[in-house]
Amino acid sequence: MTALTTARPSGREAPLPPAARKARRRSARLGVVAWCAGIVFCLPVAWMVLTSLHSEPDAATNPPSLGAALTLDGYKRFFGADGGADPWPSLINSATASLCSTALVLALALPAAYALSIRPVRKWTDVMFFFLSTKMLPVVAGLLPIYLFAKNAGMLDNIWLLVILYTSMNLPIAVWMLQSFLADVPVSIIEAAQVDGARLPTILTRIVAPIAAPGIAATALICFIFSWNEMLFARVLTGVTAQTAPVFLTGFVTSQGLFLAQLCAASVVVSLPVLAAGFAAQDKLVQGLSLGAVK
């Protein structure tokens, strides 16, 4: 008996092997899960933005009114259109404390990470554990001693006190992160620069920093976010002059009630600098966090 053969129609792709089809289905399922997780994480932010565009009566309805008219009254009241408090001093204080502390953290953490990775000191693992152990102390446990110190030093309600505190709080995690990033810098390049007569500041700024730029950007962004969002020390140690944006937000929860639309509008405005910084450094951030994840 002669076996009958059927010609494969022209233009049709060959069927994938079972393993490839299974891998494609798995990738499709993972893609759906990733999209669902992204939507779930974005829903609170989208809800906050939508609430900020409603009037106070519409924002306070239960259940919420999705089809309510949109308005910018919440943003106008936040920026003092009806004679309210001016938010700009608080925003400037937050920017000053966050940017200055982040710059100081990088200036101190980069040489420390260089000494612990490229030129390791004796028992450097003990040093790294010490840096990490400083983050294990509850923040509220050190609040009273710091308050008494600031009071006796006359530094209460001083923005530079927050700069010092944020620098000391973020320095351990910055050294820990940068140490893992700088460990990938080729030692041969540094030795070649030393042979050419380059000193340590030149090596750090012109050789190490460009190579470890993704890690430095990721570290800087994380330190900036931590400083910008910190509220406990800012609430206790500041009053009016050095008040930061998170402390300013608490002023919308008063004995008269919760101004939900205005609070959401203020939250959106306060969140914009962090979102803008993350968007501007997203490529460096992804590279830096990916490098840190595979070590």
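Here, every reference points to the structure presented above.
This report concerns the structure included in the present document. These numbers were taken from a predicted model, which means no experiment stands behind them.

### Some details on unusual backbone geometry
Okay, step 1: The phi dihedral of Asp157 is positive, around 60°, even though this residue is not glycine.
Okay, step 2: Accessibility expressed as a relative area gives 23% for Asp157, which makes it partly exposed.

### Comments concerning helix α10 (residues 213–229)
Okay, step 1: Across its 17 residues, α10 extends 24 Å between first and last C-alpha, which sits within 8% of the 24 Å expected from 1.5 Å per residue.
Okay, step 2: Counting buried residues along α10, 12 of its 17 residues qualify, which places the element largely inside the surrounding structure.
Okay, step 3: For α10, every residue scored as buried is listed here: Pro214, Gly215, Ile216, Ala217, Ala218, Thr219, Ala220, Leu221, Cys223, Phe224, Ser227 and Trp228.

### Observations regarding the nonpolar core
Okay, step 1: Formed by 26 residues in total, the largest nonpolar core has its most connected members in Tyr114, Leu178, Leu182, Ile190, Ile203 and Val208.
Okay, step 2: Breaking this core down by element, the ones donating at least two residues are α4 (88–117), α5 (124–133), α7 (159–182), α8 (187–195), α9 (200–211) and α10.
Okay, step 3: When neighbours within four sequence positions are excluded, Leu182 is seen to be in contact with Leu110, Ala113, Tyr114, Ser117, Ile118, Val208 and Ala212.
Okay, step 4: By size, the runner-up hydrophobic cluster in this structure holds 16 residues, among which are Leu91, Phe224, Leu249 and Phe252.

### Some words on the packing of aromatic side chains
Okay, step 1: Taken as a whole and assessed by the stated rule, the structure comprises four aromatic pairs.
Okay, step 2: With centroids separated by 5.9 Å and ring planes inclined at 75°, the aromatic side chains of Phe78 and Phe248 adopt a geometry described as edge-to-face. Taken as a pair, Phe78 in helix α3 (residues 73–78) and Phe248 in helix α12 (residues 245–249) lie far apart in primary sequence, 170 residues in all.
Okay, step 3: Residue Phe78 is classed as buried on the basis of its relative accessible area of 1%.
Okay, step 4: Accessibility expressed as a relative area gives 10% for Phe248, which makes it buried.
Okay, step 5: One aromatic cluster is present, formed by Phe78, Phe79, Trp88 and Phe248 through successive ring pairs.

### Quick notes on a nonpolar patch on the surface
Okay, step 1: Residues Phe129, Leu132, Met136 and Trp176 make up a contiguous nonpolar surface patch of roughly 410 Å² in combined accessible area.
Okay, step 2: Of note, Leu132 is situated in helix α5.

### Overview of the layout of surface pockets
Okay, step 1: The space that makes up the largest pocket amounts to roughly 290 Å³.
Okay, step 2: Surrounding the largest pocket, Thr134, Lys135, Leu137, Pro138, Val139, Gly142, Ile146, Leu165, Ser168, Met169, Pro172 and Phe233 form its lining.
Okay, step 3: At four residues, the largest contribution of residues to the lining of the largest pocket is made by α7.
Okay, step 4: Here the lining of the largest pocket is built from residues that sort into eight nonpolar, three polar and one charged.

### Thoughts on the packing of helix α1 (residues 18–52) against helix α13 (residues 260–280)
Okay, step 1: At their nearest, the axes of α1 and α13 sit 7 Å apart, and the two run at 125° to each other. With respect to α13, the element α1 is oriented oblique. Read as a crossing pair, α1 and α13 show a hand that is left-handed. For the pair formed by α1 and α13, the contact residues are Met48, Val49, Thr51 and Ser52 on the first element and Leu260, Ala261, Cys264, Ala265, Ser267 and Val268 on the second.
Okay, step 2: In terms of residue class, the contact of α1 with α13 is built from seven nonpolar, three polar and no charged.

### Here we look at the pattern of salt bridges
Close approach of charged atoms allows side chains of opposite charge to pair.
Okay, step 1: Summed over all chains, the structure comprises one salt bridge.
Okay, step 2: With a shortest N-O distance of 3.4 Å, Glu56 and Arg77 are connected by a salt bridge. One end of the pair, Glu56, is in helix α2 (residues 56–59); the other, Arg77, is in helix α3, and 21 residues separate them in sequence.

### Examining the side chain of Ser90
Okay, step 1: Tracing the sequence through the fold places Ser90 in helix α4.
Okay, step 2: Under the relative-accessibility criterion, Ser90 is labelled buried at 3%.
Okay, step 3: Those residues in contact with Ser90, other than ones at most four positions away along the chain, are Gln243, Thr244, Ala245 and Phe248.

What counts and how
- Residues numbered from 1 in each chain as written.
- Predicted model: local features only at pLDDT ≥ 70, side-chain atom pairs only at ≥ 80, totals over all residues.
- Heavy atoms only, no water.
- Buried < 20%, exposed > 50% of the residue type's maximum accessible area, 1.4 Å probe, protein only.
- Helix = DSSP H or I, 4+ residues; strand = E, 2+ residues; numbered from the N terminus.
- Expected span 1.5 Å × (residues − 1).
- Core = buried A, V, L, I, M, F, W, Y, C linked by side-chain atoms within 4.5 Å.
- Contact = heavy atoms within 4.5 Å.
- Phe/Tyr/Trp six-rings, centres within 6.5 Å; stacked < 30°, edge-to-face > 60°.
- Patch = residues over 30% accessible without salt bridge, like charges linked within 9 Å, V, L, I, M, F, W, Y side chains within 5 Å.
- Areas by Shrake-Rupley, 256 points an atom, 1.4 Å probe, with all protein chains shown as cover.
- Salt bridge = Lys/Arg side-chain N within 4 Å of Asp/Glu carboxyl O.
- 1 Å grid on protein atoms, 1.4 Å probe; cavity = no way out; pocket = protein on both sides within 12 Å on 5 of 7 lines; lining within 4 Å.
- Points joined across faces, edges and corners; volume = space filled by probe spheres on them.
- Nonpolar A, V, L, I, M, F, W, Y, C, P; charged D, E, K, R; others polar.
- Axes fitted to C-alpha atoms, helices over the stretch in contact; angles between N-to-C directions.
- Parallel < 35°, antiparallel > 145°, perpendicular 65-115°, else oblique.
- Left-handed = near helix turned anticlockwise from the far one by under 90°.

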